[in-house]
Amino acid sequence: MNSALTAAFLGAHLLAAPVGTATGEGPRLVLTGVGRFAVLADLSTIHRDGERARMRSFQVTEADFEAGGQTYWGGWSWWAFDCAARTADRLDFASVREGGSEGPATPDDAPAYDAAPGGDAAELLAVACDPAAAGEADADTLADGVRIGRAALRQAS
């Protein structure tokens, strides 16, 4: 998705899809992949508009990950996907400190790119474009998502 399309898509849907769920419940997180980080898709934030999809994901760090003297669980990112073209556009990143305190979002201005098979973007695209294929959520709180993500990171080591 080019920058103009991304801006138009976000402008039309950012306010329509609030952070969290429309029902006021917490996240519905499903583990999509494990590499340097464990990545979880938030099923509760998926919004489709034709072949375009938007979703939030959470990137889990290993236990005791520190930066600048602070311990972090990981961070949230909003993504926009073109399901037909199989492209992904990471829109931002907001760090999450241990305990759940979320930092401000930093925009990611890089253009959309092809979601390479096996990569984090492709795994997230698969969930955003076909949420039913993801199955049931692995966690319904951020703390449980961190626990599951860190367990997956330990298993992958």
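Quick summary incoming for the structure in this document. (Residues numbered from 1 in each chain as written. Predicted model: local features only at pLDDT ≥ 70, side-chain atom pairs only at ≥ 80, totals over all residues. Heavy atoms only, no water.)

## Side note on helix α3 (residues 142-156)
Move 1: The terminal C-alpha atoms of α3 lie 21 Å apart, and with 15 residues this matches the ideal 21 Å at 1.5 Å per residue to within 8%.
Move 2: Looking only at α3, the buried set comprises Leu142, Gly145, Val146, Ile148, Gly149, Arg150, Ala152 and Leu153.
Move 3: Those residues of α3 hidden inside the fold are in contact with β1 (29-34), β2 (38-49), β3 (52-60), β5 (70-82) and β7 (92-97). (Helix = DSSP H or I, 4+ residues; strand = E, 2+ residues; numbered from the N terminus. Expected span 1.5 Å × (residues − 1). Buried < 20%, exposed > 50% of the residue type's maximum accessible area, 1.4 Å probe, protein only. Contact = heavy atoms within 4.5 Å.)

## Let's talk about the pairing of β7
Move 1: Side chains Asp92, Ala94 and Val96 of β7 all project onto a buried face; the interleaved residues Phe93, Ser95 and Arg97 project onto a face where none is buried.
Move 2: Pairing of β5 with β7 involves four bridges; the strand directions are antiparallel. Bridge assignment links glycine 75 to a residue of β7, and that residue is serine 95.
Move 3: In this structure, β7 lies alongside strand β8 (residues 106-107), joined through two bridges in antiparallel fashion. Among the inter-strand pairings, phenylalanine 93 is bridged to a residue of β8, identified as threonine 106. (Pairing = 2+ DSSP bridges.)

## Quick word on the nonpolar core
Generally speaking, nonpolar side chains in soluble globular proteins are found buried as a group.
Move 1: Grouped together as the largest cluster of nonpolar side chains are 19 residues, with contacts concentrated most on Met55, Phe81, Leu124 and Val127.
Move 2: Listing elements by their share of this core, those giving two or more residues are β2, β3, β5 and α2 (120-129). (Core = buried A, V, L, I, M, F, W, Y, C linked by side-chain atoms within 4.5 Å.)

## Some details on the pattern of salt bridges
Move 1: Summed over all chains, the structure comprises two salt bridges.
Move 2: Salt-bridge contacts for glutamate 102 lead to arginine 56; the nearest nitrogen and oxygen are separated by 2.8 Å. Pair noted here: glutamate 102 is in the loop between β7 and β8 and arginine 56 is in strand β3, with a separation of 46 residues, a long-range link.
Move 3: For glutamate 102, a relative accessible area of 42% gives the class partly exposed.
Move 4: Since its relative accessible area comes to 6%, arginine 56 is described here as buried.
Move 5: With its nearest N and O atoms 3.8 Å apart, the salt bridge here joins aspartate 144 to arginine 147. Of this pair, aspartate 144 and arginine 147 both sit in helix α3, three residues apart, which is roughly one turn of the helix.
Move 6: Its relative accessible area of 28% is what places aspartate 144 among the partly exposed residues.
Move 7: Using a relative accessible area of 52% as the deciding quantity, one classes arginine 147 as exposed. (Salt bridge = Lys/Arg side-chain N within 4 Å of Asp/Glu carboxyl O.)

## Focus on the packing of aromatic side chains
Move 1: Considering all chains together, one arrives at two aromatic pairs under this definition.
Move 2: Judged by centre distance (5.8 Å) and plane angle (5°), the rings of tryptophan 79 and phenylalanine 81 are stacked.
Move 3: What makes phenylalanine 81 buried here is its relative accessible area of 0%. (Phe/Tyr/Trp six-rings, centres within 6.5 Å; stacked < 30°, edge-to-face > 60°.)

## As for the state of the cysteines
Move 1: Under the defined criterion, the tally for this structure stands at one disulfide.
Move 2: The disulfide that involves cysteine 83 links it to cysteine 129, with 1.9 Å between the sulfurs. The sign of the -90° torsion about the S-S bond sets the cysteine 83-cysteine 129 disulfide as left-handed. With cysteine 83 in the loop between β5 and β6 (87-90) and cysteine 129 in helix α2, the pair connects residues that are 46 residues apart, well separated along the chain. Cysteine 129 carries the same exposure label as cysteine 83, and that label is buried. (Disulfide = S-S within 2.5 Å.)

## Things to note about α2
An α-helical turn contains 3.6 residues, so a residue and the one three or four places further along point in the same direction.
Move 1: Across the ten residues of α2, seven count as buried, placing the element largely inside the fold.
Move 2: On the buried face of α2, the contacting elements are β1, β2, β3, β5, β6 and β9 (113-114).

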